[in-house]
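In case you want the letters, here they are:
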Amino acid sequence: MATEATARGGYLDILRAPHAARLLAGTLVGRLPNGTGPVAMTLFVRDQGGSYTLAGGLIAAYGVANAVGQPLLGRAVDLKGQPRVQLPAAVLSALGMALFALTGIGHLGLAYAAVVLAGLFTPPLEGGLRALWPSVLGREDRVHRAYALDAVAQEVMFTVGPLLVTLLVALRSPAAALVVINVLGVLGALAVVLSEPSRIWRSATREAHWLGALRSRGLLALLGSFFFVGLALGSITVAAVAYADDRGTPSVYGWLMAALGLGALVGGVAYGARQWAGEPERRLRVLVALLAVCYLPLTLTPGPVAMTALAVLSGVFLAPVLACAFIVVDRHAPRGTVTEAFSWLVTTFGVGAALGSAVAGPAIELAGTVAGFAVAGGGGLVALLVLLATGRVLAAPVAAGGVVRHAGGEPVPTAVHTEKNTH
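A quick note: this is a predicted structure, and the numbers were derived from the prediction, not measured.

Criteria and thresholds
Residues numbered from 1 in each chain as written. Predicted model: local features only at pLDDT ≥ 70, side-chain atom pairs only at ≥ 80, totals over all residues. Heavy atoms only, no water. Helix = DSSP H or I, 4+ residues; strand = E, 2+ residues; numbered from the N terminus. Expected span 1.5 Å × (residues − 1). Core = buried A, V, L, I, M, F, W, Y, C linked by side-chain atoms within 4.5 Å. Buried < 20%, exposed > 50% of the residue type's maximum accessible area, 1.4 Å probe, protein only. 1 Å grid on protein atoms, 1.4 Å probe; cavity = no way out; pocket = protein on both sides within 12 Å on 5 of 7 lines; lining within 4 Å. Points joined across faces, edges and corners; volume = space filled by probe spheres on them. Polar contact = N/O pair within 3.5 Å; in protein donor to acceptor, adjacent residues only side chain to side chain. Contact = heavy atoms within 4.5 Å. Salt bridge = Lys/Arg side-chain N within 4 Å of Asp/Glu carboxyl O. Patch = residues over 30% accessible without salt bridge, like charges linked within 9 Å, V, L, I, M, F, W, Y side chains within 5 Å. Areas by Shrake-Rupley, 256 points an atom, 1.4 Å probe, with all protein chains shown as cover.

Caption draft 1: Spotlight on the environment of V286. In this fold, V286 is placed in helix α13 (residues 280–295). For the pair V286 and L387, spaced 101 residues apart in the sequence, the C-alpha separation amounts to 9.9 Å.

Laid out in structure tokens, this is it:
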């Protein structure tokens, strides 16, 4: 059940809050290197005379390093604060990609080392922003709306970012595009860490535990589900290429990806325009079910116009699923581990997407394009099954008096787990 949001101005109310627009814009610009990395690296390798296989290997190495680095850097942020981790990491990541751009693929060992360095030190700006929202926005409903805005903004970045890379390549070269994008990334991180909320933010006192955020069973259940959401999305990107090849029109791939992003944009805006009642864990199950159902019609593979419409439909519930998942992460992250917990979500989603891409290829070769889209539908359904199977684990414990208790055990006055914000 949903009620109309009572907060003034919706998303404009969020952006008018002190520091909010700067933090959102800085985070998006800071994440450009990661969001555009695969496109930029592929264009650079091809320009150097390398094969698609080599480009894929380098991108895989970058992705694995990123998956390892995100939760580790997220834990460091929780322990040391944002400026002491985010900015040095951004600089090291940019230096790694600059080294790759300058040395090329002539020495493969150096090329792989450079992209691993870039991936490993990609700053956890995404998790850092979500840790800042409670202290910047205050009210629970505004924080939840900010999560939806965050999900929408991601779709804009993943649409605009590749276009920016293409423009830089056309104006200069793929190597220049790699350098410029990473310089912009450092500037974005700098804008975030120099802001007052980032400088004064401190994580809540945490219990020393080697598992960190992963000691929360609720968080583990969510990560298990989102691995398969990522798998579904990763398989769609490969299946869309096969569909375009079948139709003999390569440009159809771009239209399908743009349609997917448009659907997510529309869904995210609509989701964030309302205030939702009830437990977010229960709402997440409904949203993931709708996401899975909307993936299934893609297996019909009709003509390009109808297929583009189905791609829009398939994206509608993606941003709402992400926005709701951010709330669930916040509720289940053990005290003092919120940045690390969000970073684990990013990592799990990314690893799932990579596996989805890897699985969809053989499926298409064995059974055609329909099988590639079937992987997406199957991934969505398994994601739902994981949430259903772990319903009791995800249920937030409630103590006497109706006070919601965090998965880590401490009382929380609202559904938003707010980290300490001290000078």
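That covers the picture; the talk isn't over yet.
Caption draft 2: Region of the structure containing helix α16 (residues 338–367). With 30 residues, α16 should reach 44 Å at 1.5 Å per residue; the first-to-last C-alpha distance of 43 Å fits that figure. Phi turns positive, to about 95°, at G368, one or two residues after α16.

Caption draft 3: Broad picture of the nonpolar core. One finds L58, F100, W133, L137, L222, F226 and L284 to be the most contacted residues of the largest nonpolar core, which totals 106 residues. Of the residues forming this core, the biggest block, 14 residues, is contributed by helix α11 (residues 217–247). Counting five residues, the second-largest nonpolar core is a separate cluster that includes A90, L125, V186 and A189.

Caption draft 4: Summary view of empty space enclosed by the protein. Tallying each qualifying case throughout the model produces two cavities of 30 Å³ or more. Considering only enclosed or pocket space, the largest cavity measures out at about 50 Å³ in volume. Lining the largest cavity are I236, L256, M257, L260, L298, M307, A311, S314 and F373. Looking at the lining of the largest cavity, the elements that each hand over two or more residues are α12 (251–272) and α14 (304–315).

Caption draft 5: Representation of the side chain of S198. Within the secondary structure, S198 is located in helix α10 (residues 196–200). What makes S198 buried here is its relative accessible area of 0%. Only 2.9 Å separates the side chain of S198 from the side chain of Q82, close enough to count as a polar contact. Not counting chain neighbours up to four residues away, the residues in contact with S198 comprise Q82, P83, L132, V192 and V193.

Caption draft 6: Expanded view of the pattern of salt bridges. Under the criterion given, the structure shown has four salt bridges. A salt bridge links R31 to E126; the shortest N-O distance between them is 3.1 Å. Remark: E126 occurs in helix α7 (residues 125–137) and R31 occurs in the loop between α2 (20–30) and α3 (32–47); sequence separation between them is 95 residues. Classification of R31 by relative accessible area gives buried; the value is 8%. With a relative accessible area of 10%, E126 lands in the buried category. A salt bridge links R331 to E279, with the shortest nitrogen-to-oxygen separation between them at 2.5 Å.

Caption draft 7: Region of the structure containing a nonpolar patch on the surface. Residues V179, V183, L187, L190 and L194 make up a contiguous nonpolar surface patch of about 390 Å² in total accessible area. By the secondary structure assignment, V183 is in helix α9 (residues 174–193).

Caption draft 8: How the structure looks around unusual backbone geometry. Backbone geometry at H19 places phi at a positive 75°, although glycine is not the residue there. In this structure, T301 takes a positive phi of about 40° despite not being glycine. Within the element layout of this structure, T301 appears in the loop between α13 and α14.

Read these as layout, nothing more, since geometry by itself doesn't imply function.
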